[in-house]
Amino acid sequence: MAQRASTASKKSTQVSAQVIKDLHERMVRIRLFETEAGKLMEAGKLPGFLHLYVGQEAVAAGVMAVLRDDDQITSTHRGHGHAVAKGVGFREMYAELYGRVTGACLGRGGSMHINDLTRGMLGANGIVGAGVPIAVGAAFAARYKGEDSVAVTFFGDGATNIGAFHEGANLAAILGLPVIFICENNGYAEFTPQSGHMLLTDVADRAAAYGMPSVIVDGMDAVAVHRATTEAVERARAGAGPMMIEAKTYRYFDHQGVKGLRHPYRSDEEVAEWKSRDPIDLIEARAMADGIATRAELDDVWRRTRDEITEAIAYAEASPLPDPADLLLNVYSG
């Protein structure tokens, strides 16, 4: 059975004030990036699909605050939060959403394929579960080259039903690779509740089948996620092999976009209950209660981030579209 981590709400002083401020800023950056992206999509300014990360900020922030630039991550179709928390720039991300040549992928990838290899962001992925074997490969490469970097792969509850997850987990365990498996369990695989696609209550129990340890954390508490990730990364760097973290979290918006398909698969009461434990509200209350930051200091983080986003959107809108003459740029055939 998976270990259930104790809640981090007992006392935030168990982590430094610097970590609390770091987690807060990363979450604010994700929240505002996604909120503005949602508005742009609703206004018809962005092409393609948009899977928003609002509500799940504590997971990306808690994990990425532990990692180094040379640690590599693989993401999902809901990948903006991971990219922002890993340090990918607002300019490059908004330009990519707009399909502009100044985007992170030169305007060719869009929302579901943002990557930045300089930050160790190997990319979002439109295929469910596809990031797992990529992260395992990255971890194998690090081991082969004698490096001490780790690989982290993010996926949802539904992805653990995919063959790529089981193959990747089994290989990582057998070879003792430095991989951290992060299940962001937001309760739904698109519109299907977890109870509709598996009989397990805790996805983390699946880790035992491969002989790797696992832990379940409150995915609305960035400090709890940070603490569990610190342990997992330290053991992976020390050569102790992979570990799985299941973060129980929730997405506020529908599977795609803001309004989604208007498919009534969850109640307003359920959404409101999760929002009552908003991850940013929780860490702000904790920071003020512990004397780490004042309300004015926290508000300043929101203000500075809004200003940066305003500038980034203007940059994206002023950037040119890709030249059709470059259609075959970076396209290869064997």
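Residues numbered from 1 in each chain as written. Predicted model: local features only at pLDDT ≥ 70, side-chain atom pairs only at ≥ 80, totals over all residues. Heavy atoms only, no water.

A word on the overall build of the chain. On a plain count of helices and strands, the chain comes out with 10 helices and eight strands. Over its C-alpha atoms the chain spans a radius of gyration of 19 Å, differing by no more than 12% from the 20 Å that the globule rule assigns to 334 residues. Judged by the C-alpha coordinates and their principal axes, the chain covers about 55 × 50 × 40 Å. Residue pairs in contact within the chain that sit at least 24 positions apart in sequence constitute 74% of those at least 6 positions apart. For the chain, the accessible surface area stands at approximately 14,600 Å², while carbon and sulfur atoms represent 55% of it. Charged side chains in the chain number 34 positive and 43 negative. The centres of these two groups are separated by 1 Å. (Helix = DSSP H or I, 4+ residues; strand = E, 2+ residues; numbered from the N terminus. Rg over C-alpha atoms; globule rule 2.2 N^0.38 Å. Contact = heavy atoms within 4.5 Å. Areas by Shrake-Rupley, 256 points an atom, 1.4 Å probe, with all protein chains shown as cover. Lys, Arg positive; Asp, Glu negative; His and termini not counted. Charge placed at Lys NZ, Arg CZ, Asp CG, Glu CD.)

Turning our eyes to something else, we now look at the environment of aspartate 148. For aspartate 148, the location among the structural elements is in the loop between α5 (131–144) and β3 (151–156). Taking the C-alpha atoms as reference points, aspartate 148 and isoleucine 292, separated by 144 residues in sequence, lie 33 Å from one another. Excluding anything up to four places from it in sequence, aspartate 148 contacts Arg68 and Arg237. Looking at aspartate 148, its side chain comes within polar contact range of the side chain of arginine 68, at 2.6 Å. (Polar contact = N/O pair within 3.5 Å; in protein donor to acceptor, adjacent residues only side chain to side chain.)

Axis separation between helix α1 (residues 17–42) and helix α7 (residues 222–237) bottoms out at 10 Å; the angle between their running directions is 115 degrees. One finds that α1 runs roughly perpendicular with respect to α7. Read as a crossing pair, α1 and α7 show a hand that is right-handed. Only Ala222, Val223 and His226 of α7 make contact with α1, whose side of the interface consists of Val19, Ile20, Leu23 and Met27. Tallied by class, the residues present in the contact of α1 with α7 amount to six nonpolar, one polar and no charged. (Axes fitted to C-alpha atoms, helices over the stretch in contact; angles between N-to-C directions. Parallel < 35°, antiparallel > 145°, perpendicular 65-115°, else oblique. Left-handed = near helix turned anticlockwise from the far one by under 90°. Nonpolar A, V, L, I, M, F, W, Y, C, P; charged D, E, K, R; others polar.)

Among the secondary structure elements, glutamine 256 is positioned in the loop between β8 (243–248) and α8 (268–275). Polar contacts involving the side chain of glutamine 256 include one to the main-chain amide nitrogen of leucine 50, which spans 2.9 Å. Sequence-distant contacts of glutamine 256, that is, excluding residues within four places in its chain, are made with Met41, Phe49, Leu50 and His51.

Our focus in this paragraph is the sheet that holds β8. The parallel open sheet is built from six strands, whose spatial order is β1-β7-β8-β4-β3-β2. Two strands in the sheet have a free side with no partner beyond their single neighbour: β1 (3–4) and β2 (72–74). With six bridges joining them, β3 and strand β4 (residues 179–185) adopt parallel strand pairing. Residue alanine 151 lies in a different strand from β4, and its bridge partner there is valine 179. Those strands touched by helix α2 (residues 57–64) are β2, β3, β4 and β8, and its axis lies near 170 degrees from that of β3. (Pairing = 2+ DSSP bridges.)

What follows is about a nonpolar patch on the surface. A surface patch of nonpolar side chains, amounting to about 560 Å² of accessible area, comprises Phe140, Tyr144, Leu171, Ile174 and Leu175. Those elements that place two or more of their residues in the nonpolar patch are α5 and α6 (163–175). Residue position: leucine 175 is located in helix α6. (Patch = residues over 30% accessible without salt bridge, like charges linked within 9 Å, V, L, I, M, F, W, Y side chains within 5 Å. Salt bridge = Lys/Arg side-chain N within 4 Å of Asp/Glu carboxyl O.)

Taken as a whole and judged by the stated rule, the model has 23 salt bridges. In this structure, glutamate 36 and lysine 39 form a salt bridge, with 3.3 Å as the shortest nitrogen-oxygen distance. With glutamate 36 and lysine 39 both in helix α1, this residue pair falls three residues apart, about one helical turn. Take lysine 39: its relative accessible area is 51%, and that puts it in the exposed class. Salt-bridge contacts for arginine 237 lead to aspartate 71; the nearest nitrogen and oxygen are separated by 2.6 Å. Of the two residues, arginine 237 is situated in helix α7 and aspartate 71 in the loop between α2 and β2; the sequence distance between them amounts to 166 residues. (Buried < 20%, exposed > 50% of the residue type's maximum accessible area, 1.4 Å probe, protein only.)

Predicted coordinates in regions of low pLDDT should not be interpreted in detail. When pLDDT is averaged along the chain, the result is 93; 96% of the residues meet or exceed 70. Confidence drops under a pLDDT of 50 for residues 7–13, and excluding neighbours within four residues, the segment shows 15 contacts in the predicted structure. (pLDDT = per-residue confidence, 0-100.)

Below, the discussion takes up the side chain of arginine 100. Relative to the elements of secondary structure, arginine 100 occurs in the loop between α4 (90–98) and α5. In this structure arginine 100 is buried but unpaired, with glutamate 317 as the nearest side chain of opposite charge at 7.1 Å. At 2.6 Å, the side chain of arginine 100 and the backbone oxygen of serine 319 are in polar contact. Arginine 100 has contacts with Ala95, Leu106, Gly107, Ala316, Glu317, Ser319, Pro320, Leu321 and Pro322, leaving out every residue within four places of it along the chain.

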